[in-house]
Structure formats: structure tokens, C-alpha cells
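Below, each chain spelled out in residue letters.
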Amino acid sequence: MRVYLPATTTVLRGLLDEGRLAAPQTVFAVTPRLRDFYALSDAGADTEELEYAALLAAARASLRLIDLDPLVPRRRVVLAADVPDAAVSPMDDPHVDPGAARVEYGIRLQDVASAHIDGPGAEDDVRAAVNVVLEADLGSDDAQFVVDQAEGHELAWYATQEIGPALELL
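Just so it is clear, the model here is predicted, and its values are computed rather than measured. (Residues numbered from 1 in each chain as written. Predicted model: local features only at pLDDT ≥ 70, side-chain atom pairs only at ≥ 80, totals over all residues. Heavy atoms only, no water.)

## Here's the deal with the overall build of the chain
The helix and strand tally for the chain stands at six helices and nine strands. A compact globule built from 170 residues should have a C-alpha radius of gyration of about 15 Å, and the chain, at 15 Å, falls within 12% of that. Projected onto the principal axes, the alpha-carbon positions of the chain cover approximately 45 × 40 × 25 Å. The contacts in the chain between residues at least 6 apart in sequence include a share of 77% that link residues at least 24 apart. Approximately 8,700 Å² of the chain is accessible, and the part contributed by carbon and sulfur atoms is 53%. (Helix = DSSP H or I, 4+ residues; strand = E, 2+ residues; numbered from the N terminus. Rg over C-alpha atoms; globule rule 2.2 N^0.38 Å. Contact = heavy atoms within 4.5 Å. Areas by Shrake-Rupley, 256 points an atom, 1.4 Å probe, with all protein chains shown as cover.)

Take a look at the structure:
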């Protein structure tokens, strides 16, 4: 199953150095609940669109991780990885994102299909969004507007072999 792991550049560096990320991990994926959610609002959504929705949810979760580390660069990071289906447990909680899941599997570097990282032009908007993402989660329209500005930046795609050089440029 393809999963989208919210991360930071520090997590990315750890993956390169250690070759794996310890389990468990919170990820986002095309879960049955995500399919049901989109069936109500966009019945024509295909798997690619649902995967993109899971990636965007992981990018928002990356904002929360950045908030926890004041020294990490203000760039969202998402890892796309392929893990065994049996290792993925959807979170069937109405209070979490419909694509949220737990992976009870150490994600290895060879499981990573790609990394998605904000470019330098997103840093100011990401910095502002990090400061208010929790308020946005609690329903603040003003905070949501700031988060939307950060989410308006497309994440750049990097193949696994490009992750190290991409980190060197930060």
C-alpha cells in the first residue's frame, strides 16, 4: 500500500543516516474511510486523486511536526512509501482525517518511492502557517486562511536518490 508519511528535514536526514524509520508511524493513505468521504463529495474521484488528497493531509501534518522543532527549516516534507498492506491500520476515528492510518512496520529507505519537499519560495508562508496551524485545526477562519496560503505551494518531487542532494541545498 502506498502511504504518505508527514516528516521534517530532520526526519529525512535520520532516514538517510539510519536507513529506516522506527515503527509505529502515523501516515495518510487511501483508506476505506477516505474513499467513502470522497464518494459523498466527488464520486468520480479516482485512485490518483485520492492519493493526492492523502499527500495533502500528510503535508498539513508536516506543519504540526515543524511546529515541534524550532530549529528545523520551515519546509513541509512528505515521504511516499510502499509498505505491506497488513502493516497499515486505518484510524476509524471521526475526529481524525479520513485518510489517517498507523503503520506497524519500520519504513526502510528502500520502501520510499519519493520525497516531496517545499521549495524556498514557500518558507515564509510555511513559517506563518506553523504559527497558527493548531488554531486552524480548532476552527479559526483567520488561521485557516494563513494555512491555505502555505498549502497553495506545490511540493517538489524528489526521487529517492535525490533526497541527499536536496537536503544539502537547504
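## Quick word on the pattern of salt bridges
Applying the stated criterion across every chain yields a total of 10 salt bridges. Measuring nitrogen to oxygen at the nearest pair gives 2.7 Å for the salt bridge that ties Asp-118 to Arg-76. Of this pair, Asp-118 sits in the loop between strand S8 (112-117) and helix H4 (123-137) while Arg-76 sits in the loop between helix H3 (47-68) and strand S4 (77-82), and the two are 42 residues apart along the sequence. Each member of the pair, Asp-118 as well as Arg-76, carries the same accessibility label: buried. One salt-bridge network, in which partners are shared between bridges, spans Arg-60, Arg-64, Asp-137 and Glu-151. (Salt bridge = Lys/Arg side-chain N within 4 Å of Asp/Glu carboxyl O. Buried < 20%, exposed > 50% of the residue type's maximum accessible area, 1.4 Å probe, protein only.)

## Some thoughts on the sheet that holds strand S1 (residues 2-7)
Strand pairing in a sheet relies on backbone hydrogen bonds, with the paired strands running either antiparallel or parallel. In spatial order, the strands read S5-S6-S3-S1-S4-S8-S9; together these seven strands make up an open sheet with antiparallel pairing. Every other strand in the sheet has two partners, leaving strand S5 (88-90) and strand S9 (156-159) as the edge strands with one partner each. Between one strand axis and the next, the sheet turns by 35° as a mean value, whatever way the strands run. Looking at chain direction, S5 and strand S6 (residues 100-103) are connected through three bridges and run antiparallel. Residue Ser-89 lies in a different strand from S6, and its bridge partner there is Arg-102. Packing against the sheet, H3 makes contact with S1, strand S3 (25-29), S4 and S8, and its axis sits at approximately 20° to S1. (Pairing = 2+ DSSP bridges. Axes fitted to C-alpha atoms, helices over the stretch in contact; angles between N-to-C directions.)

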